[in-house]
Amino acid sequence: MQKNERNRRGVYASWIVNCLTLWVANLPISPAIHFTDVTPESGILFKHEDGRSGKKYYLETLGSGAAWFDYDRDGDLDIYFVNGTALPGTSTVGKNALYHNNGDGTFTDITLEASIGDQGYGFSCAIGDYDNDGFLDLYVVNYGPNVLYHNNGDGTFTDTTEIAGVGDNRWGVAAAFADYDNDNDIDLFVANYVEYRLENNPVCGRSGVQLYCTPEVFTGSPSVLYRNNGDGTFSDCTQKANLFYPDDKAMGICWCDYDNDGDIDLFVANDKVADRLHKNNNDGTFTDVAFQSGVALSETGSAESSMAPIFGDINNDGWFDLVITNFHDEPNNVYQNDRNGFFSDITYQSGIGGQGLAYLSWGAEFADLDNDGYLDLFIVNGHIDDNIQQIRPSMTYEQPNQLFRNGGHQSFEDVSDQSGPGLDLKKVSRGVALGDYDNDGDIDILVTNSHQSPNLLRNDTDGQSHWLVFEMVGTRSNRDGIGVRIKVVVSGHSQIREVKSGGSYPSHSDMRLHFGLGQSTVVDLVEIHWPSGLTEHFKGINADQFFRVEEGKGLSQITIGN
């Protein structure tokens, strides 16, 4: 009797061990993430100018962004930097810059040859092929008239702002292209901030210390939706689309089909004004559902200093979740998509919220930085006041950036101090753009810094994990495939990505879709949903490849260097 009981216990214990072994074996194997600052050897000599003179013009606070895009279609990601310029009391004129990727880890400044060096007071840019000719065009967002550059396809650009009718002259901060009406050409949303004039610059401060003013001092400014007419021109459809909000103070924007209904929606992050989630009604209009969806205000019911809104499926359930960065003493908010039109605030449960209270956060972006099959999160930080320690001794002007590794199950770990020398930097960061500039299958990071040089962080994570990258080419849909959604299935584990232009704050990441596959060498299923309504399926795809997907014509492998 006792012997039989011991046998049963032994069998049961053995069964538990086997189950645990199988469970552990199926957990993602994640090498330590490692980034190296390769700026010195990259050939990037750009420096951000903001016109600071001690007068504390409010313009000086926001910094500028950058974009990864392959302007010459040679297979390598090039860089466009947006710059500020001189303000009263200064004489240093800033200029935007285009750096060509030489394919060997270095870049060459070709701004002059490309005729793309705008000298306005710039903040952001958006990339998209607005005329569907196969070459990516560029929209620059300024304080004052914005600029649209048409890509001529020969390495040069032409200013087509006046012809296109998109030279809004307010204080723009961000922009993003998307085909909101699904007519096969991309439209443009421009986020405007506040009404501000240099000649009327208020003096603000605290405890006798002069500081930059806060957004509450200024009145809001309406953002703009431009509809693409399909003939090289755009029409202002802001009011017609129900997007006219004159009191908004928009900082960051992001297009995403958050409700999985097949049309693209728009999130607008406002500074100390309630955020807006514009649901696409599929009739050319939008409805703001932010309050009923639970994303308009903080968990305590206050409007926060929202900066960068980014969507990503953090738990791989097929629905896009939302992160919004904020000012110091406000958490960076994390919202879980509940799949029913509502979001749940999991800011602190996720492991992200409490880690940002001491920092002033700006740009952010999701990517699978260790190729383990889960989206990680990168956030850049930096204060606006270089004298902040006079009133907050524990706070610094230059601040470290943060990398949060996704451990699965909606939980993140701050691994910034374990991720190589690229994360040791302390600067006054503003923007972040992600892209695989060296085409080695892992995602690299470009950080822009206020009144400083940028940093190019190469991903040197141990390359044992596998990956796939897709470049989309629309035929019935818009040429860039903006709005395309891809689902990749590996051993029952699904991931989704969506092609987007612009977004975050105030930068543009690589539009190619990257998937980390962990230890899997073959993908069971690739499912592609095009804005046109076409759905394509591909099975048994080998890992570690770049693919071009032409709508309705299948996959073709891209040989790097060709």
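Residues numbered from 1 in each chain as written. Predicted model: local features only at pLDDT ≥ 70, side-chain atom pairs only at ≥ 80, totals over all residues. Heavy atoms only, no water.

*Asks:* Before we go on, may I ask you to explain the packing of aromatic side chains in this structure?
*Replies:* Two measures describe an aromatic ring pair: the distance that separates the ring centres and the angle between the ring planes. Inspection of the entire model under this criterion finds 28 aromatic pairs. Pairing Phe-69 with Tyr-71 gives two aromatic rings, centres 6.4 Å apart and planes at 55°, and the pair type is tilted. For the pair formed by Phe-69 and Tyr-71, the shared burial category is buried. Plain terms: the ring middles of Trp-171 and Tyr-193 are 5.1 Å apart, the flat faces sit at 90° to each other, and that makes the pair edge-to-face. Placement of Trp-171 in the loop between α4 (161-164) and β10 (172-178) and of Tyr-193 in the loop between β11 (187-192) and β12 (204-206) is noted, with a sequence separation of 22 residues between them. Both residues of the pair, Trp-171 and Tyr-193, belong to the buried class. (Phe/Tyr/Trp six-rings, centres within 6.5 Å; stacked < 30°, edge-to-face > 60°. Buried < 20%, exposed > 50% of the residue type's maximum accessible area, 1.4 Å probe, protein only. Helix = DSSP H or I, 4+ residues; strand = E, 2+ residues; numbered from the N terminus.)

*Asks:* I keep staring at the sheet that holds strand β31 (residues 444-449) and nothing clicks. Help me out?
*Replies:* Adjacent strands of a sheet form backbone hydrogen bonds with each other and so pair up, either parallel or antiparallel. With antiparallel pairing, four strands are arranged side by side in an open sheet as β1-β32-β31-β30. Taken across any chain shown, the strands that pair with only one partner, and hence form the sheet edges, are β1 (35-37) and β30 (429-435). Adjacent strand axes in the sheet meet at a mean angle of 25° when their direction is disregarded. Sheet topology places β1 next to strand β32 (residues 455-459); three bridges connect them, and they run antiparallel. Bridge pairing links Asp-37 to Leu-457 in β32. (Pairing = 2+ DSSP bridges. Axes fitted to C-alpha atoms, helices over the stretch in contact; angles between N-to-C directions.)

*Asks:* How should I be thinking about the nonpolar core in this particular structure?
*Replies:* As a rule of thumb, nonpolar side chains are buried together in soluble globular proteins. Tyr-80, Tyr-139, Trp-255, Phe-470 and Ile-486 are the most contacted members of the largest nonpolar core, which has 71 residues in total. Residue assignment places this core across two domains, with domain 1 (35-467) and domain 2 (468-557) each supplying three or more. Setting aside residues up to four positions removed in sequence, Ile-486 forms contacts with Phe-470, Met-472, Gln-495, Ile-496, Arg-497, Leu-513, Phe-515, Val-526, Glu-527 and Ile-528. Judged by nonpolar contacts, the second largest core, of 51 residues, contains Leu-360, Phe-378, Ile-379 and Val-447. (Core = buried A, V, L, I, M, F, W, Y, C linked by side-chain atoms within 4.5 Å. Domains from an automatic or database assignment. Contact = heavy atoms within 4.5 Å.)

*Asks:* Can you walk me through the state of the cysteines in this structure?
*Replies:* Disulfides are covalent bonds that connect the sulfur atoms of two cysteines. Across all of its chains, the model carries one disulfide by this definition. The partner cysteine of Cys-204 in its disulfide is Cys-213, sulfur to sulfur 2.0 Å. One quick way to see it: the torsion about the S-S bond of Cys-204 and Cys-213 is about 90°, and its sign makes the bridge right-handed. With a relative accessible area of 17%, Cys-204 lands in the buried category. (Disulfide = S-S within 2.5 Å.)

*Asks:* Before we go on, may I ask you to explain the pairing of strand β25 (residues 376-381) in this structure?
*Replies:* For β25, the buried fraction is high: six of the six residues fall into the buried class. Every second residue of β25 is oriented toward a common face, with Asp-376, Phe-378 and Val-380 on one face and Leu-377, Ile-379 and Asn-381 on the other, all of them buried. Pairing between strand β24 (residues 361-367) and β25: five bridges, direction antiparallel. Note that in β25 the partner of Ala-364 across the bridge is Ile-379. The pairing of β25 with strand β27 (residues 402-406) spans three bridges and is antiparallel. Each residue of the ladder has a partner; that of Ile-379, found in β27, is Gln-402.

*Asks:* So what exactly am I meant to see when it comes to empty space enclosed by the protein here?
*Replies:* For the coordinates displayed, the defined rule picks out six cavities of 30 Å³ or more. By volume, the largest cavity amounts to about 470 Å³. Phe-366, Arg-497, Glu-498, Lys-500 and Leu-513 are, among the 29 residues lining the largest cavity, the residues nearest its centre. Going through the elements one at a time, β16 (250-256), β20 (309-312), β24, β30, β35 (493-498) and β36 (513-518) are the ones with two or more residues in the lining of the largest cavity. When its residues are assigned to classes, the lining of the largest cavity shows 14 nonpolar, six polar and nine charged. Looking at which domains feed residues into the lining of the largest cavity, each of domain 1 (35-467) and domain 2 (468-557) gives three or more. (1 Å grid on protein atoms, 1.4 Å probe; cavity = no way out; pocket = protein on both sides within 12 Å on 5 of 7 lines; lining within 4 Å. Points joined across faces, edges and corners; volume = space filled by probe spheres on them. Nonpolar A, V, L, I, M, F, W, Y, C, P; charged D, E, K, R; others polar.)

*Asks:* Which parts of the structure should I look at to understand the domain arrangement of the chain?
*Replies:* Many descriptions give the size of an interface as the accessible area lost when the pieces come together. What the domain assignment reports for the chain is domain 1 (35-467) and domain 2 (468-557). Using only C-alpha atoms to locate each centre, domain 1 and domain 2 end up separated by 23 Å. Facing the 72 residues of domain 1 at the interface are 43 residues of domain 2. When the two sides are added together, the surface that domain 1 and domain 2 hide from each other amounts to roughly 4,100 Å², 50% of it contributed by carbon and sulfur. A per-residue breakdown of the area domain 1 buries against domain 2 is headed by Phe-320, His-466 and Trp-467, which together make up 20% of the total. At the junction of domain 1 and domain 2, the tally comes to one salt bridge. Two residues, Lys-500 and Glu-365, come together in a salt bridge whose shortest N-O distance is 3.0 Å. Taken together, domain 1 and domain 2 are joined by 29 residue pairs in polar contact (both at pLDDT 80 or more). For the side of domain 1 that touches domain 2, the per-class residue count stands at 37 nonpolar, 23 polar and twelve charged. (Buried area = accessible area lost by both parts, 1.4 Å probe. Salt bridge = Lys/Arg side-chain N within 4 Å of Asp/Glu carboxyl O. Polar contact = N/O pair within 3.5 Å; in protein donor to acceptor, adjacent residues only side chain to side chain.)

*Asks:* Just to check I follow, could you spell out the environment of Leu-59 for this structure?
*Replies:* With respect to the secondary-structure elements, Leu-59 resides in the loop between α2 (39-42) and β2 (66-69). Classification of Leu-59 by relative accessible area gives buried; the value is 1%. Separated by 127 residues in the primary sequence, Leu-59 and Ile-186 place their C-alpha atoms 30 Å from one another. For Leu-59, the contacting residues outside a window of four places in its chain are Leu-87, Tyr-121, Phe-123, Tyr-143, Trp-171, Tyr-196 and Leu-198.

*Asks:* I tried to follow the sheet that holds strand β3 (residues 78-81) on my own but got confused; where do I start?
*Replies:* The strand order β2-β3-β4-β5 describes an open sheet built from four strands, whose pairing is antiparallel. In the strand order of this sheet, the two ends are held by β2 and β5 (107-109), each with one partner. Each adjacent strand pair in this sheet contributes to an overall mean axis angle of 20°, direction not counted. The sheet contact formed by strand β4 (residues 97-101) and β5 spans three bridges and is antiparallel. Looking at the pairing, Tyr-99 lines up with Asp-109 of β5.

*Asks:* Looking at this structure, how should I read the side chain of Gln-545?
*Replies:* Its place among the elements puts Gln-545 in strand β39 (residues 545-550). The class of Gln-545 is buried, set by a relative accessible area of 13%. At a separation of 2.9 Å, a polar atom in the side chain of Gln-545 contacts the main-chain carbonyl oxygen of Asn-542. Separated by 3.2 Å, the side chains of Gln-545 and Gln-557 make a polar contact. For Gln-545, the contacting residues outside a window of four places in its chain are Trp-467, Leu-468, Val-469 and Gln-557.

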